[in-house]
Amino acid sequence: MTAAAAQQGTTHQGILDWVTEVAELTQPDDIHWCTGSDEEWVQLTDFLVGTGTFIRLDESKKPNSFYAASDPIDVARVEDRTYICSRDERDAGPTNNWMDPDAMKELMRGLYAGCMKGRTMYVVPFVMGHLEAEHPMFGVEITDSAYVVASMRVMARMGSHVLRKMEELEAAGTEFSWVPALHSVGHPLAEGEDDVAWPCNETKYIVQFPEERMIWSFGSGYGGNALLGKKCYALRIASVMARDEGWLAEHMLILKLTSPEGVVKYVAAAFPSACGKTNLAMLQPTIPGWKVETLGDDIAWMRVGEDGRLWAVNPEYGFFGVAPGTNEHTNPNAMRTIAKGNSVFTNVALTEDGDVWWEGLENPPARATSWKGEPWTPDSTELSSHPNSRYCTPIKQCDILAAEYDDPRGVPIDAILFGGRRRDTIPLVFEARDWTHGTFLGATLSSETTAAAVGQVGVVRRDPMAMLPFIGYNAGDYFNHWITVGKENDAAKLPKIFYVNWFRRDDDGNFVWPGFGENSRVLKWVVERIDGQAAAVETPIGHVPTPESLDTDGLDMSAADLAKCLEVDAEEWKAELPQIQEWFDKFGDDLPGVLWTELDGLRARLEG
Ligand code: GTP
Ligand code: SPV
Ligand code: MN
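Residues numbered from 1 in each chain as written. Chains lettered and ligands numbered in written order. Predicted model: local features only at pLDDT ≥ 70, side-chain atom pairs only at ≥ 80, totals over all residues. Heavy atoms only, no water.

- Identification of the protein chain as Phosphoenolpyruvate carboxykinase [GTP] from Nocardioides massiliensis is taken from an unreviewed UniProt entry.
- The Function (unreviewed entry) comment attached to the protein chain in UniProt states, word for word, "Catalyzes the conversion of oxaloacetate (OAA) to phosphoenolpyruvate (PEP), the rate-limiting step in the metabolic pathway that produces glucose from lactate and other precursors derived from the citric acid cycle."
- Quoted verbatim from the Subcellular location (unreviewed entry) field of UniProt, the annotation for the protein chain is "Cytoplasm". (UniProt positions renumbered as here; feature names shortened; annotations may be inferred.)

As structure tokens, then:
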């Protein structure tokens, strides 16, 4: 049955062979080749309502939108279950889990055997980035989760048109590659067994085979574990492609900033998961005359163009945003985007009138059902929503989407911001001395852990370029790749690098900087620095704004608080040195020597 069912899907022999092989291993009841059509969306969402995975939201509040609550054991990325299975262990480096690829395949074939029994196997052809790109970045995800298919339709360009393009290229003899991405929730159904609302498995594996450009995922239906075009392909696999081909695949938002004089700058920013990318990407400036448009909120693919500038595209098609904290004040543009509907909300609260709610949203409902399915009121001691609950919504619905989003060439980046969540030490903003120093700042980026990954929250860890869980190879080689991009290109044309921290706290534990729309003041200083207009003080760590150089017109903040935001405390920084030393020691000979030189320079400046 399976081979014949597969046959109808495509004339592309390689895809057909792979789909047939997977079907023979996993034993689904049916195979469905996804078209991406509206009719298919209706079928999928009706099916998910039928199985209890989805609850349809009230049409007048969130049209064509759905609520889902996951199994409590499946709420975030699972970094300790994520593997880079390179042939050589050395190539996974000290920051990734590794297992021999053959051993991993044997283990996972055991898990996959019969794992789709009682389910439909969906084949999702997709492209990350533009179908019209010079080299379209194809993928095919096989999944037994209709929730994943519905989410993939929002997050990636997918469907028949993508498959037809691959078939055309093959028929024309044009070489191209596609990434096979296999996903199963790992929850087969016996004859007559009822499904659960959120099928998953206690055993989870999120596995990348970098040399084969292949992804195998098992046991989770959640976000980056299951929507394989996102973190697994567009970061882990793509970072390996980028290393081999001389470009960068980064965990960065992309925004367009226009000054009152009409001067346009493009900014990319890497912050760890749940540290403010989506919010900055859609920021509504509080300073008059400045305009932000968005290009992307999570992933940037960047190549040096013929003009020597670094050009960035967002390979995604939707936002998978953190819900808690999102409201009309913090992110009005996200609120307008989701209000248009066509969205999926996971692990938030469901209100009695068929809408969604989460901590930080205006107008708490008198009663709701929490993400755990329990009655919830504003007096409840438990949270209504999981801290990593998410909205999944089409990027095209965003009112401030920049027109350049549709340009396969992308946009030339003027500034790169690195940032983390630190209650102390790191000032609001400072500028790197040059590209190599900027690479050092990225390589030593630190942040308090968040709910976006399973594990302890609030622990400071090094998260290089916000890519710790996403570098698909040896992070020492990755640092070297960044250094090389700087060396092989004209530094004057590359973006200037900055470090930001919206999360510094006062003695009472409150955030000192108001953040969100007020971050436009920092963006203004950044672009004025690039144009040589804004003043800065040279400190041991880099160039920090003078209090006067930051536009504080209309900002309700005392001079003392502003000074606190900008403070560089030599003692706090000296305490960082052994931590950076320990971090670098992990890489042994694989750490580029210039990063040691940078550390020595920092130490000397702090002690000098
Ligand atoms: P991922 O999607 O996990 O990669 O996260 P992200 O980097 O896009 O983070 P996001 O913008 O969703 O923000 C995560 C959390 O940080 C939310 O709860 C926000 O409300 C909060 N946050 C974002 N920007 C700021 C800010 O400027 N100041 C403060 N205090 N909180 C912020
Ligand atoms: C992140 O954790 O960085 C996310 C959410 O953007 S996920 O898609 O789950 O990776
Ligand atoms: Mn992210």
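Now that the structure has been shown, the text picks up again.
## A short note on the coordination of the manganese ion (ligand 3)
Line of reasoning, step 1. Looking at the manganese ion (ligand 3), one finds its protein donor set to be Lys231 (NZ), His251 (NE2) and Asp298 (OD), positioned 2.1 to 2.6 Å from the metal centre.
Line of reasoning, step 2. Donor residues binding the manganese ion (ligand 3) come from one chain and are separated in sequence as K-x19-H-x46-D. Note that Lys231 is positioned in helix α8 (residues 229-245) and His251 in the loop between β11 (248-250) and β12 (253-258), a separation of 20 residues in sequence.
Line of reasoning, step 3. By relative accessible area, which is 6% here, Lys231 ends up buried. (Donors = N, O, S within 2.8 Å, 3.2 Å for Na, K, Ca; no water. Helix = DSSP H or I, 4+ residues; strand = E, 2+ residues; numbered from the N terminus. Buried < 20%, exposed > 50% of the residue type's maximum accessible area, 1.4 Å probe, protein only.)

## Re the UniProt feature "binding site: Mn(2+)" (unreviewed entry) in the protein chain
Line of reasoning, step 1. The feature "binding site: Mn(2+)" (unreviewed entry), as given by UniProt, occupies Lys231, His251 and Asp298 in the numbering adopted here. Taken along the chain, the residues just named run across 68 residues; in space they keep tight, none of their C-alpha pairs more than 9.4 Å apart.
Line of reasoning, step 2. Among the residues examined, His251 registers a relative accessible area of 0% and is labelled buried.
Line of reasoning, step 3. Turning to its location among the elements, Asp298 is positioned in the loop between β14 (291-296) and β15 (300-304).

## Some thoughts on the site of ligand 1
Line of reasoning, step 1. Around ligand 1, 22 residues are found, and the nearest of them are Ala274, Lys277, Thr278, Asn279 and Arg390.
Line of reasoning, step 2. Between ligand 1 and Arg390, the relevant distance is 2.7 Å, taken from an oxygen atom to a side-chain nitrogen or oxygen of the residue.
Line of reasoning, step 3. Taking Phe516, its main chain carries an N or O atom lying 3.0 Å from an oxygen atom of ligand 1.
Line of reasoning, step 4. Expressed as a share of its isolated accessible area of 660 Å², the protein-covered part of ligand 1 is 91%.
Line of reasoning, step 5. Every element with two or more residues in the shell around ligand 1 is listed here: α9 (277-281) and β17 (318-322).
Line of reasoning, step 6. The dominant element in the shell around ligand 1, judged by the number of residues it contributes, is α9, at three residues.
Line of reasoning, step 7. Residues belonging to the shell around ligand 1 are distributed by class as follows: ten nonpolar, eight polar and four charged. (Near = heavy atom within 4 Å. Polar contact = N/O pair within 3.5 Å; in protein donor to acceptor, adjacent residues only side chain to side chain. Areas by Shrake-Rupley, 256 points an atom, 1.4 Å probe, with all protein chains shown as cover. Nonpolar A, V, L, I, M, F, W, Y, C, P; charged D, E, K, R; others polar.)

## Section: the site of ligand 2
Line of reasoning, step 1. Near ligand 2 the following residues occur: Arg77, Gly223, Gly224, Lys230, Lys231, His251, Ser273, Asp298, Phe320, Arg390, Ala452 and Phe470.
Line of reasoning, step 2. Gly224 places a polar main-chain atom, nitrogen or oxygen, 2.9 Å from an oxygen atom of ligand 2.
Line of reasoning, step 3. Asp298 places a polar side-chain atom, nitrogen or oxygen, 3.4 Å from an oxygen atom of ligand 2.
Line of reasoning, step 4. Across the complex, the protein chains shield 98% of the 280 Å² of accessible surface that ligand 2 would expose by itself.
Line of reasoning, step 5. Residue assignment for the shell around ligand 2 shows that the elements contributing at least two residues are α7 (223-226) and α8.
Line of reasoning, step 6. Grouping the amino acids of the shell around ligand 2 by side-chain chemistry returns three nonpolar, four polar and five charged.

## Considering the UniProt feature "binding site: substrate" (unreviewed entry) in the protein chain
Line of reasoning, step 1. In this numbering, the UniProt entry assigns the feature "binding site: substrate" (unreviewed entry) to Arg77, Tyr222, Gly223, Gly224, Ser273, Asn388, Ser389 and Arg390.
Line of reasoning, step 2. Contact partners of Arg77, with chain neighbours within four places excluded, come to Gly224, Asn225, Lys231, Ser273, Ala452, Ala453, Val454, Pro469 and Phe470.
Line of reasoning, step 3. Mapped onto the secondary structure, Asn388 falls in the loop between β22 (375-376) and β23 (390-394).
Line of reasoning, step 4. Asn388 sits in the buried class, given a relative accessible area of 3%.
Line of reasoning, step 5. When neighbours within four sequence positions are excluded, Asn388 is seen to be in contact with Val75, Ala76, Tyr222, Ala451 and Ala452. (Contact = heavy atoms within 4.5 Å.)

## Brief notes about the sheet that holds β23
Line of reasoning, step 1. With mixed pairing, five strands are arranged side by side in an open sheet as β2-β3-β18-β23-β17. In this open sheet, the two edge strands, each paired with only one partner strand, are β2 (55-56) and β17.
Line of reasoning, step 2. Pairing analysis gives five bridges linking β17 to β23, with the strands arranged antiparallel. Among the inter-strand pairings, Gly321 is bridged to a residue of β23, identified as Tyr391.
Line of reasoning, step 3. Taken strand by strand, helix α5 (residues 146-155) contacts β3 (66-68), β17, β18 (344-346) and β23, and its axis lies near 55 degrees from that of β23. (Pairing = 2+ DSSP bridges. Axes fitted to C-alpha atoms, helices over the stretch in contact; angles between N-to-C directions.)

## A word on the packing of helix α11 (residues 435-443) against helix α16 (residues 593-607)
Packed helices, taken two at a time, are described by their axes: the angle between them and the distance between them.
Line of reasoning, step 1. Close contact between α11 and α16 brings their axes to 10 Å; oriented N to C, the two are set at 90 degrees. The angle between the axes of α11 and α16 places the two elements in the roughly perpendicular class. Across the interface between the two elements, Thr436, His437, Thr439, Phe440 and Ala443 of α11 pack against Val594, Leu595, Glu598, Leu599, Leu602 and Arg605 of α16.
Line of reasoning, step 2. For the contact of α11 with α16, the per-class residue count stands at six nonpolar, three polar and two charged. (Parallel < 35°, antiparallel > 145°, perpendicular 65-115°, else oblique.)

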